[in-house]
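Chain and residue survey
Given next are the chains, with one letter for each unit.
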Amino acid sequence: MATGLLVIERILRDRDSIWTQIGDERDLSRLIRDMLTSSTLALACYGAVLGAFSDHALLQSPISAIKLPLLFLVTLAICLPTLYLFNLVFGARLQVKQALALVMVAITVISMLAMAFAPISLFFLITANQYSFYKILNVAILTLAAIVGLRFLTAGMAALNSHNEARDKAKHEAVRAAQESERKAIEAAAKTLEKPAGEKTEATETGGLVPVDSGPTPAPVPPPGGATAPAPPPGS
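In what follows, the accompanying structure is described. Quick caveat: nothing in here was measured; it's all calculated off a predicted structure. (Residues numbered from 1 in each chain as written. Predicted model: local features only at pLDDT ≥ 70, side-chain atom pairs only at ≥ 80, totals over all residues. Heavy atoms only, no water.)

1. Remarks on the overall build of the chain
Selection criterion: Here a strand is any run of E in DSSP of at least two residues, a helix any run of H or I of at least four, and the numbering for each starts at the N terminus. For every residue, the accessible area obtained with a 1.4 Å probe (protein chains only) is divided by the maximum for its type, and the residue is called buried under 20%, exposed over 50%, and partly exposed between those limits. A contact between two residues is defined here by any heavy atoms of the two lying within 4.5 Å. Surface exposure here means Shrake-Rupley accessible area, sampled with a 1.4 Å probe, where a residue is shielded only by the protein chains that are shown.
Each helix and strand counted, the chain has seven helices and zero strands in total. Going residue by residue from the N terminus, the α and β elements of the chain occur as α-α-α-α-α-α-α. Residue burial in the chain is summarised as follows: out of 236 residues, 28% are buried. Partitioning the intrachain contacts of the chain with sequence separation of at least 6 by distance along the chain shows that 72% fall at a separation of at least 24. Accessible surface, the chain: about 15800 Å² in total, of which carbon and sulfur atoms supply 67%.

2. Notes on a nonpolar patch on the surface
Definition in use: Like charges within 9 Å and nonpolar side chains (Val, Leu, Ile, Met, Phe, Trp, Tyr) within 5 Å are joined into patches, using only residues over 30% in relative accessible area that form no salt bridge. Salt bridges, as used here, are contacts in which a Lys or Arg side-chain nitrogen is within 4 Å of a carboxyl oxygen on Asp or Glu.
A cluster of nonpolar side chains, namely Leu36, Ile66, Leu70 and Leu73, defines an oily patch on the protein surface of about 340 Å² accessible area. The element contributing the most residues to the nonpolar patch is helix α4 (residues 57-89), with three residues. For leucine 70, the location among the structural elements is in helix α4.

3. A short note on the pattern of salt bridges
On inspection of all chains with the given rule, the structure shows one salt bridge. Glutamate 9 is the partner of arginine 13 in a salt bridge, and the nearest nitrogen-oxygen pair spans 3.1 Å. A residue pair is termed a helical-turn pair when its members lie 3 or 4 positions apart in one helix, as arginine 13 and glutamate 9 do in helix α1 (residues 7-13) at four residues. Its relative accessible area of 69% is what places arginine 13 among the exposed residues.

4. Brief notes about the packing of aromatic side chains
Threshold: Note on aromatic contacts: the rings of Phe and Tyr and the six-membered ring of Trp form a pair at centre separations within 6.5 Å, being stacked when their planes are under 30 degrees apart, edge-to-face when over 60 apart, and tilted otherwise.
Under the defined criterion, the tally for this structure stands at two aromatic pairs. Between the aromatic rings of phenylalanine 123 and phenylalanine 124, the centroid separation amounts to 5.4 Å while the plane-to-plane angle is 80°, which identifies the pairing as edge-to-face. Its relative accessible area of 26% is what places phenylalanine 124 among the partly exposed residues. Look at phenylalanine 124 and phenylalanine 133: their rings are 5.3 Å apart centre to centre, the planes differ by 65°, and that puts the pair in the edge-to-face class. With a relative accessible area of 34%, phenylalanine 133 lands in the partly exposed category.

5. Examining the environment of leucine 50
Note on placement: leucine 50 falls in helix α3 (residues 28-51). Along the sequence, leucine 50 and leucine 122 sit 72 residues apart, while their C-alpha atoms lie 8.4 Å from each other. Contacts of leucine 50, omitting those with residues within four sequence positions, involve Leu68, Tyr134 and Asn138.

6. Some remarks on unusual backbone geometry
Unusually for a residue other than glycine, glutamate 25 sits at a positive phi of about 55°. Looking at glutamate 25, the relative accessible area reads 40%, which means it is partly exposed.

7. What to know about the environment of lysine 97
The residue lysine 97 is located in helix α5 (residues 96-116) in this model. Judged by its relative accessible area of 39%, lysine 97 falls in the partly exposed class. Remark: the alpha-carbon pair of lysine 97 and leucine 28, spanning 69 residues in sequence, is separated by 7.4 Å. Here lysine 97 is in contact with Leu28, Ser29 and Ile32, once residues within four sequence places are set aside.

8. Overview of α4
The α-helix winds at 3.6 residues per turn, so residues separated by three or four positions along the chain end up facing the same way. Quick reminder of the rule: One less than the number of residues in a helix, times 1.5 Å, gives the span that helix is expected to have. A residue's bend is given by the angle between axes fitted to the 7 residues ending at it and the 7 residues starting at it.
Spanning 33 residues, α4 covers 47 Å between terminal C-alpha atoms, matching the ideal 48 Å at 1.5 Å per step. At cysteine 79, α4 shows its maximal kink, close to 35°; a proline, proline 81, follows between one and four residues later. Burial in α4 covers these residues: Ser61, Ser64, Ala65, Leu68, Pro69, Phe72, Leu76, Leu80, Leu83 and Asn87.

Right, dumping it as structure tokens:
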């Protein structure tokens, strides 16, 4: 996994893993720190190129290298609360850290694209010494970079909303399955308790003894010869 200054390579090559990491809120502090570092350095390089077109280039270039990153950071601080609140208004379930990471992805893309155009801007600075053309060129470069960064921002918001919806759906299904299994377990336990109770009632009615069927009583066998046995004398 690319980290540090190479985070832009990961954003451009494997943006789905970036959206998944932001959606899961996994190691966001490190990701935001890496994007902040790389975007600050890239904007400082491009700002130094912008400040080179001046009669006092040695003084203006360092000042522009400081001003351009600060401009983007101040813009981030101003726009982040508005972006987060509008997300809540329109039903998005993003946390503040997730919104910050999304905006930092957009700023990182913008800054890296601007730095990629820095050699072209420097080339025209040396060859075409016209301030108006140089200014229009850099405005076009920043506009193009901003459009690409905005597309990354909207794509990231859509991906995170889909990710959060799928996660919430999975949670609801898991809770429903747990409730259904708990209900079945309670019903099975109730049936198990009802069966011994019925057997106990039957045993109580019979005095705790199970009646035994001895069959019909056999008839008396007459004595041989057909004589009738004398009756026993009274009082015997």
